[in-house]
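Working through the structure, step by step
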Amino acid sequence: METGLICIKADMEEVLDTGHGVLLLLLDLSAAFDTLDHALLLERLREEVGGQDVTLHWIKSYHTDRKVVVHINNTPSSEATLTTGVPQGSVWGPCSSSSTSCLSRR
């Protein structure tokens with residue numbers, strides 16, 4: 001990470017030294033997996049691996065009826081059903097949002 005930052009800084013300084021401006025765009029993808037739509041995911045997987053694959057059923061059950069409760073000052077909210085996102089720390093997150101290739105038949 002530090003080497004990358006040093007490289008970016010050096011590139012920016014080089015451009016600035018020529019009298020040009022620099023625009024640096026940074027994207028925070030830390031919440032990217034929170035927006036993964038379960039229905040869309042299953043539709044894409046169905047197209048990729050087929051309609052009745054055992055893996056597809058497993059993934060559907062993994063995402064179906066997931067609940068969330070938020071605690072504020074030790075007071076729990078009402079339970080809500082999640083229709084988007086994957087559990088934090090799940091290895092499924094990067095695979096499911098970037099591509100379905102990890103499930104495709106080769």
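Residues numbered from 1 in each chain as written. Predicted model: local features only at pLDDT ≥ 70, side-chain atom pairs only at ≥ 80, totals over all residues. Heavy atoms only, no water.

In terms of helices and strands, the protein carries four helices and four strands. In the protein, the order of α-helices and β-strands from amino to carboxyl end is α-α-α-β-β-β-β-α. Within the protein, buried positions represent 19% of all 106 residues. Counted over contacts in the protein with a minimum sequence separation of 6, partners at least 24 positions apart contribute 49%. For the protein, the accessible area works out to roughly 8,300 Å², and carbon and sulfur atoms hold 57% of it. (Helix = DSSP H or I, 4+ residues; strand = E, 2+ residues; numbered from the N terminus. Buried < 20%, exposed > 50% of the residue type's maximum accessible area, 1.4 Å probe, protein only. Contact = heavy atoms within 4.5 Å. Areas by Shrake-Rupley, 256 points an atom, 1.4 Å probe, with all protein chains shown as cover.)

Here we take up the nonpolar core. If you look at the biggest cluster of nonpolar residues, it comprises six residues: Leu-36, Leu-41, Leu-42, Leu-45, Leu-56 and Ile-59. Elements that contribute at least two residues to this core include exactly α2 (38-49) and α3 (54-63). When residues in this core are grouped by element, the largest group, three residues, is from α2. (Core = buried A, V, L, I, M, F, W, Y, C linked by side-chain atoms within 4.5 Å.)

Time to look at α3. Turning to α3, its buried residues number three or more, namely Leu-56, Ile-59 and His-63. The arc that holds the buried residues of α3, viewed along the axis, is 65°, so those residues lie on one side. Structural note: α3 exposes Val-54 and Trp-58 on the side pointing more than 90 degrees away from its buried face. Where α3 terminates, the next one or two residues include Asp-65, which has phi positive at roughly 60°. (Arc of directions from axis to C-beta.)

On to the pattern of salt bridges. In a structure, side chains of opposite charge can pair up when their charged atoms sit close to one another. Evaluated as defined, the whole model comprises one salt bridge. Among the ionic pairs, Glu-13 bridges to Lys-9, the shortest N-O distance being 2.5 Å. Here Glu-13 and its partner Lys-9 are both found in helix α1 (residues 2-17), four residues apart, which amounts to about one turn of the helix. Judged by relative accessible area, Lys-9 falls into the partly exposed class, the value being 49%. (Salt bridge = Lys/Arg side-chain N within 4 Å of Asp/Glu carboxyl O.)

Taken together, the side chains of Leu-5, Ile-8, Leu-24 and Leu-26 define a hydrophobic patch exposed on the protein surface, amounting to about 400 Å² of accessible area. If you trace the backbone, Ile-8 turns up in helix α1. (Patch = residues over 30% accessible without salt bridge, like charges linked within 9 Å, V, L, I, M, F, W, Y side chains within 5 Å.)

Let's shift gears to the confidence of the model for the protein. When the pLDDT values of the protein are averaged, the result is 75; 66% of them are 70 or greater. Element-level mean pLDDT values for the protein span from 54 in helix α4 (residues 92-98) up to 94 in strand β3 (residues 75-76). Low pLDDT, under 50, characterises residues 97-106; the stretch is placed with 17 contacts to residues that sit more than four places away or in other chains. (pLDDT = per-residue confidence, 0-100.)

So, about the environment of His-63. Within the secondary structure layout, His-63 lies in helix α3. Using a relative accessible area of 3% as the deciding quantity, one classes His-63 as buried. Each C-alpha atom, one on His-63 and one on Leu-41, is 9.9 Å from the other, the two residues being 22 residues apart in sequence.

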